[in-house]
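Residue-level structural notes
Spelled out from the first residue to the last, the chains are:
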Amino acid sequence: MIPRIQQDRLQEKLKANKLILLTGPKRAGKMSMLEGVIIANNWSKTHFDCNQKKTRRELENSPEKIKIDSQILVIEEAQYLSNLQELLGYVLSGDIKATTVVCCSFAPRVDEMLLEALRLEGLEVLIFAPSFYESAQHFGLPEEEKLLEERLIYGNYPQVLNDLGHAELTLRELIQDVLFTNLGASDRINKQDKMMRMLQLLAFHVGDAVSYNEIAEKSGLDNETVERYVDLLVEAFILIKLPSYYSNQRYELKKSQAIYFVDNGIRNALISNFNPTFLRNDMNELWKNYLISERVKWIRMNRLDKKLYFWKTHTKQRMDFLEVGEDSLRAYKTDWEKRKKVKLPKSFGEAYPKAKSSVLNRSTYWTFLTSKK
């Protein structure tokens with residue numbers, strides 16, 4: 001198993017706090033990492049799995065009767081609980097004395113102020129499928145470089161990497177699990193076949209400036225439903241949404257979104273294309289999705305203070321990814337080919353002369369994926 005960089009942080013937080021929020025995609029390794037920390041510290045544990053209807057009923061009907069004698073209380077898939085806010089109240093008031101880990105693979109339905117307070121205190125630990133840095137630390141950088149094309153096709157989910165022979169089946173099951181279980185009746189997903197069509201359209205146009213009008217027309221949905229579904233899938237850790245960057249410069253797009261997938265394997269499963277790289281005509285899309293999703297994961301896991309965008313003009317000038325810090329602007333253009341001479345948009349340099357601009361190809365991406373600056 002690939003060691004996770006969040007493991008030490010999770011252990012530290014569990015020793016010093018009463019409530020931890022452990023979030024991230026389904027099957028990304030949250031529970032395995034948590035179990036490792038609990039075993040290493042010889043802590044006793046009470047575990048409620050809210051995937052089970054009986055468990056949910058028990059926690060929802062009589063939460064005040066729950067008696068916890070162990071040191072750690074784990075509530076797995078807690079986003080399914082209708083009374084999660086009430087349960088957290090019992091923890092914060094001391095009625096539940098065990099250190100409580102609330103594990104969610106979808107944004108939890110709790111008070112926004114409480115959620116923000118937990119995040120500000122660093123009490124949300126975010127876990128994605130293993131990152132480039134974690135894999136390179138485990139396998140060694142030369143070996144990870146050899147595995148790059150495998151990552152572009154199959155992604156990074158542990159279950160997928162452990163059994164590539166069944167990768168396609170595993171990824172399709174994961175998509176079904178998220179769409180038809182994680183997004184339930186409370187989210188008003190009553191057009192699941194059309195949502196799947198919407199996702200497939202986004203997969204074919206990964207990283208493009210999205211027209212909700214066009215996606216809606218082709219998928220048989222209306223604009224508002226497309227936007228709502230996209231937001232739900234962002235909360236379910238399937239999609240990444242980047243807004244367009246603008247400062248009232250001429251021709252800049254102002255209200256567009258670029259959509260990426262958190263994992264390349266999910267994107268390829270949606271379009272039923274697991275062909276090797278030498279048979280593909282979408283390598284730039286695969287490369288762009290891999291780089292940007294990996295960078296977004298790294299920024300979020302390390303709680304780096306950056307705002308993320310893409311930049312495009314009506315004249316089709318484009319920078320794929322922008323990181324805006326307190327006093328910095330870094331802009332990147334991606335290209336799969338190593339030796340290709342890539343021109344950076346002249347209009348971007350004129351509009352933002354202080355920005356640091358770079359091209360990300362197979363010779364220049366390592367630092368981008370691991371930098372904390």
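Along each chain, the written sequence defines residue order, and numbers are assigned to residues from 1. Only residues with pLDDT of at least 70 are given local features in this predicted model, and only at 80 or more are side-chain atom pairs given and counted; all residues enter the totals for whole chains, interfaces and linings. Think of the side-chain values as coming from all heavy atoms in the structure, minus any hydrogens and water.

**Some words on the state of the cysteines**
- Cysteine sulfur atoms are paired as a disulfide whenever they fall within 2.5 Å. Per the counting criterion, the structure on display carries zero disulfides.
- Unpaired in this structure, Cys-50 has its nearest cysteine sulfur neighbour in Cys-104, at a distance of 8.9 Å.
- Take Cys-50: its relative accessible area is 0%, and that puts it in the buried class.
- Cysteine Cys-103 shares no disulfide, and the gap to the nearest cysteine sulfur, in Cys-104, comes to 7.3 Å.
- Relative accessibility thresholds used throughout: buried, under 20% of the residue-type maximum; exposed, over 50%; partly exposed, between the two (1.4 Å probe, protein chains only). Under the relative-accessibility criterion, Cys-103 is labelled buried at 1%.

**Some details on the sheet that holds strand β7 (residues 239–243)**
- When DSSP finds two or more bridges between a pair of strands, those strands are recorded as paired. Runs of H or I in DSSP of at least four residues are treated as helices and runs of E of at least two as strands, each being numbered from the N terminus. Read across the sheet, three strands follow the order β6-β8-β7 without closing on themselves; strand pairing throughout is antiparallel. Here the strands that pair on one side only, and so sit at the sheet edges, are β6 (209–210) and β7.
- Sitting on the sheet, helix α11 (residues 192–204) is in contact with β6, β7 and β8 (257–261), with an inclination near 100° to β8.
- By definition in these notes, contact holds between two residues if any of their heavy atoms fall within 4.5 Å. Lines fitted to C-alpha atoms define the axes here, with helix axes fitted over just the stretch in contact, and angles between the N-to-C directions of these axes take values from 0 to 180 degrees. Those strands touched by helix α13 (residues 223–235) are β7 and β8, and its axis lies near 115° from that of β7.

**Considering the packing of helix α1 (residues 7–16) against helix α2 (residues 30–40)**
- Running from N to C, α1 and α2 point in directions that differ by 55°, and their axes come no closer than 10 Å. Taken as axis vectors, α1 and α2 run oblique relative to one another. When you trace α1 past α2, the crossing you get is right-handed. Listed contacts from α2 to Gln-7, Leu-10, Gln-11 and Leu-14 of α1 are Met-33, Leu-34, Gly-36 and Val-37.
- Only Asp, Glu, Lys and Arg are considered charged in this grouping, and only Ala, Val, Leu, Ile, Met, Phe, Trp, Tyr, Cys and Pro are considered nonpolar; every other residue, Gly among them, is considered polar. Taken together, the residues of the contact of α1 with α2 sort by class into five nonpolar, three polar and no charged. Oblique is the label for any angle not under 35 degrees, not over 145, and not in the 65 to 115 range, which are roughly parallel, roughly antiparallel and roughly perpendicular in turn. Here a crossing is taken to be left-handed if its near helix is turned anticlockwise relative to the far helix by less than a right angle, and right-handed if that turn runs clockwise.

**Some words on the packing of aromatic side chains**
- Pairing of aromatic rings covers Phe, Tyr and Trp, the last counted by its six-membered ring, and requires centre-to-centre distances within 6.5 Å; plane angles under 30 degrees mean stacked, over 60 mean edge-to-face, and any other angle means tilted. Scanning the model with the defined rule gives 15 aromatic pairs in all.
- Measuring from centroid to centroid gives 5.3 Å for Trp-287 and Trp-336, while their planes differ by 65°, and the two rings are edge-to-face. Here Trp-336 lies in the loop between β11 (329–334) and α16 (346–351) and Trp-287 lies in helix α15 (residues 283–301), a separation of 49 residues in the sequence.
- Overall, the relative accessible area of 0% leaves Trp-287 in the buried class.
- Between Phe-348 and Tyr-352, the aromatic rings sit 5.1 Å apart at their centres with planes inclined by 45°, giving tilted as the arrangement.
- Every member of this aromatic cluster is reached through a ring pair, and the members are Phe-132, Trp-287, Tyr-290, Trp-336, Tyr-365 and Trp-366.
- Sitting above the plane of the Tyr-80 ring, Arg-56 keeps its charged end 5.3 Å from the centroid.
- Between Arg-295 and the ring centre of Phe-368, over which it is positioned, the NZ or CZ distance is 5.5 Å. Charge over a ring is defined by NZ of Lys or CZ of Arg lying within 6 Å of the ring centre and within 35 degrees of the ring normal.

**Description of α15**
- Taking 1.5 Å of rise per residue, the 19 residues of α15 would be expected to cover 27 Å, and the 27 Å separating its terminal C-alpha atoms lies within 8% of that figure.
- For α15, the tally of buried residues reaches 16 of 19 residues, placing the bulk of the element in the interior.
- A positive backbone phi angle near 50° is found at Arg-303, which sits one or two residues after α15. Helix span, as expected, comes to 1.5 Å for every residue beyond the first.

**Notes on the nonpolar core**
- Nonpolar core, defined: a set of buried Ala, Val, Leu, Ile, Met, Phe, Trp, Tyr and Cys residues in which side-chain atoms within 4.5 Å join the residues together. With 71 residues, the main nonpolar core has Met-198, Leu-202, Leu-239, Leu-242, Phe-261 and Ile-266 as its most contacted residues.
- In terms of residue count, the dominant contributor to this core is α15 (ten residues).
- Apart from residues lying up to four places away in sequence, Leu-242 is in contact with Ser-256, Gln-257, Ala-258, Tyr-260, Ile-292, Leu-308, Tyr-309, Phe-310, Asp-320 and Phe-321.
- Judged by nonpolar contacts, the second largest core, of 41 residues, contains Leu-10, Trp-43, Tyr-90 and Leu-123.

**Describing the environment of Lys-146**
- Locating Lys-146 in the fold gives a position in helix α7 (residues 141–146).
- Taking the relative accessible area as the measure of exposure, Lys-146 reaches 66% and is therefore exposed.
- Separated by 43 residues in sequence, Lys-146 and Cys-103 have C-alpha atoms that sit 34 Å apart.

**Comments concerning the environment of Ile-153**
- You can see Ile-153 is positioned in helix α8 (residues 148–154).
- As for Ile-153 and Arg-27, which are separated by 126 residues in sequence, their C-alpha atoms are 18 Å apart.
- Discounting residues that sit within four places of it in the chain, Ile-153 has contacts with Asn-264, Gly-265, Asn-268, Phe-274, Asn-275, Thr-277, Arg-280 and Leu-286.

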